[in-house]
Amino acid sequence: MPNEGAAAACLLVLALLLGACSGAPSASGERAQAPSHPLILLSLDGFHPDYLDRGLSPRLQALADDGVRARWLNPSFPSKTFPNHYTVVTGLRPDRHGIVDNTMLDPLLGRFALHDRDAVGDGRWWGGEPLWVSARRAGLRSATLFWPGSEAAIGGYRPDRWLPYDAALSMSDRVDRVLAWLALPPARRPHLVTLYLEAVDTTGHLYGPDSAEVDGALAAVDAALGRLLDGLAEIGLTGAVNLVIVSDHGMAQVDPARTLVLEDLVDPSLVEIVGLSEILSFNPRPGRTAEAESALLAEREGLTCHRRTETPPQWRFGSHPRVPAIVCLLEEGWRVRRRERFNPWQDRSGGNRGAHGYDPLSPSMRALFVAHGPGLASGLLVDPFDNVHVYPLLAALLGIAPAPGDGDPAVTAAMLR
Ligand code: AMP
Ligand code: ZN
Ligand code: ZN
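Criteria and cut-off values
- Residues numbered from 1 in each chain as written.
- Chains lettered and ligands numbered in written order.
- Predicted model: local features only at pLDDT ≥ 70, side-chain atom pairs only at ≥ 80, totals over all residues.
- Heavy atoms only, no water.
- Disulfide = S-S within 2.5 Å.
- Helix = DSSP H or I, 4+ residues; strand = E, 2+ residues; numbered from the N terminus.
- Buried < 20%, exposed > 50% of the residue type's maximum accessible area, 1.4 Å probe, protein only.
- Donors = N, O, S within 2.8 Å, 3.2 Å for Na, K, Ca; no water.
- Near = heavy atom within 4 Å.
- Polar contact = N/O pair within 3.5 Å; in protein donor to acceptor, adjacent residues only side chain to side chain.
- Areas by Shrake-Rupley, 256 points an atom, 1.4 Å probe, with all protein chains shown as cover.
- Axes fitted to C-alpha atoms, helices over the stretch in contact; angles between N-to-C directions.
- Parallel < 35°, antiparallel > 145°, perpendicular 65-115°, else oblique.
- Contact = heavy atoms within 4.5 Å.
- Nonpolar A, V, L, I, M, F, W, Y, C, P; charged D, E, K, R; others polar.
- Salt bridge = Lys/Arg side-chain N within 4 Å of Asp/Glu carboxyl O.
- Pairing = 2+ DSSP bridges.

Undergrad: Lay out the state of the cysteines with the relevant residues and their values.
TA: Inspection of every chain in the model, using the stated rule, returns one disulfide. Residue pairing for Cys 305: its cysteine sulfur links by disulfide to Cys 328, the two sulfurs lying 2.2 Å apart. When the S-S torsion is 105 degrees, as for the bridge of Cys 305 with Cys 328, the disulfide is right-handed. Remark: Cys 328 occurs in strand β15 (residues 326-330) and Cys 305 occurs in strand β14 (residues 303-307); sequence separation between them is 23 residues. The buried category is assigned to Cys 305, whose relative accessible area is 10%.

What follows is the structure in structure tokens.
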């Protein structure tokens, strides 16, 4: 009967449309077997693994002792926040996912900066497939309480629930929001939740990694973790959630006496400055390449510059079109200032005392990795590994196929229960 056939076809179209709207089945119509346990991915920005030894992180320490802990996690180059957060959720090195620094220049898209909401929310900046998109393709739900990339539609998808980054949202409000998501009935509860806390990084920059202020931030972040764990217990999820806790990089002490002045390195009229942090990056102005290179590539204390095609192989960096023509890296503890902003008296008495962005293999840049939950081994201490391998582990915990990338599931296989 034609009418019934038409009705059935309409229902099918409707079902497909609804599926697309709710993000349930992927284009292939496949819905992954929903994981039995939600996954929380927690980032403690700038948390050096040695901070655990200060005895100020009892809740985190308990998870590390009872679950899986890596001696440390190697950040990818550059050891900055956006490149590394996005590596953790894509399994791609920054040179491949395209978030090659916190500040970038793209011939088509223009400038990218962390505080530029339009850029941060523009999916064209974000390459690869972040975990929440992998989850969505498999029919799983995600909710992000901040994560670089989570505000943009990437491959057409955002997390099912997300919020614009708001540094002023308190740690307890963030935790409570995450708990509210996890308290939803199972049919609506997200399978993947991210949570981001920046207090340790912010304090580390201002006062240096060895400061009493960082100690205070460690205690505050541990209290937030405690609020999360206690809240999970209240909603009956103790032992029922997989929790993966990472940091993006560590923190080094800055020595104000080791300050380079930009104008002493290169005549600013010769170059377009793309980034000016621990990684300095430049594009020579048209016709000025030879002069810019001869100034910047010269040997000097505290800074080494490379043509983008000649960066050290261990950086695995230089092929993405957004990598500027000349990339320079400060030695640990050094910094650079523009002359107009450099007040030697003031800088010696105040200013930032901590920095990262230095060589990812430097011990000070080491990152944190702790994982705990029903899907994870217990009491396991593992050797250091690169943060590109975190994504395949997260995918395994969600029971979904990881998108191809730089990570190797074999590296973390022993962590899975
Ligand atoms: P960094 O300069 O590498 O130390 O970056 C850390 C800073 O990145 C934090 O203090 C925040 O201000 C900023 N940040 C972190 N996550 C986000 C986000 N999702 N959107 C915008 N800014 C962010
Ligand atoms: Zn960071
Ligand atoms: Zn930082």
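Resuming the write-up.
Undergrad: Please set out the coordination of the zinc ion (ligand 2) residue by residue, giving values where relevant.
TA: With distances of 2.0 to 2.8 Å, the protein atoms coordinating the zinc ion (ligand 2) are Asp 45 (OD), Asp 45 (OD), Thr 81 (OG1), Asp 248 (OD) and His 249 (NE2). Taken as a pair, the zinc ion (ligand 2) and the zinc ion (ligand 3) lie 4.1 Å from each other. Of this pair, Thr 81 sits in helix α3 (residues 81-90) while Asp 248 sits in the loop between β9 (242-246) and β10 (252-253), and the two are 167 residues apart along the sequence. For Asp 248, a relative accessible area of 1% translates into the label buried.

Undergrad: Which residues make up the site of ligand 1, and what values do they have?
TA: Around ligand 1 sit 13 residues in total, of which Thr 81, Asn 102, Tyr 196, His 205 and His 356 are the nearest. At 3.0 Å from an oxygen atom of ligand 1 is found a side-chain nitrogen or oxygen belonging to His 205. Compared with its free state, where it exposes 500 Å², ligand 1 has 83% of that area covered by protein. Contributions of two or more residues to the shell around ligand 1 are made by α3 and α8 (199-207).

Undergrad: Tell me what's going on with the coordination of the zinc ion (ligand 3), and back it up with residues and numbers.
TA: On the protein side, the zinc ion (ligand 3) has Asp 201 (OD), Asp 201 (OD), His 205 (NE2) and His 356 (NE2) as donor atoms, found 2.0 to 2.4 Å from it. Sequence spacing among the residues donating to the zinc ion (ligand 3) works out to D-x3-H-x150-H. Residue classification places His 356 among the buried positions, given a relative accessible area of 2%.

Undergrad: Quick one: what's the story with the packing of α8 against helix α9 (residues 212-234), residue by residue and with numbers?
TA: Running from amino to carboxyl end, α8 crosses α9 at an angle of 175 degrees, the nearest separation of the two axes being 9 Å. It follows that α8 is roughly antiparallel to α9 by the angle criterion. On α9, the residues that touch Ala 199, Val 200, Thr 203, Gly 204 and Tyr 207 of α8 are Glu 213, Val 214, Ala 217, Leu 218 and Val 221. Split by residue class, the contact of α8 with α9 holds seven nonpolar, two polar and one charged.

Undergrad: Outline the pattern of salt bridges, listing residues and values.
TA: Think of it this way: side chains of opposite charge can pair up when their charged atoms draw near. Tallied over the entire structure, the rule returns 19 salt bridges. A salt bridge links Asp 386 to Arg 93, with the nearest nitrogen and oxygen atoms 3.1 Å apart. With Asp 386 in strand β20 (residues 385-386) and Arg 93 in the loop between α3 and α4 (94-97), this residue pair connects regions lying 293 residues apart in the sequence. Using a relative accessible area of 12% as the deciding quantity, one classes Arg 93 as buried. Three or more residues joined by partner-sharing salt bridges are found here, namely Arg 54, Asp 210 and Asp 215.

Undergrad: Please give an account of the sheet that holds β9 that cites residues and values.
TA: One open sheet holds the eight strands; their spatial order is β7-β6-β8-β1-β9-β18-β2-β19, and the pairing between them is mixed. In the strand order of this sheet, the two ends are held by β7 (161-162) and β19 (380-382), each with one partner. Strand direction decides the pairing type here: strand β1 (residues 39-44) and β9, joined by five bridges, are parallel. Paired with Leu 42 across the bridge in β9 is Ile 245.

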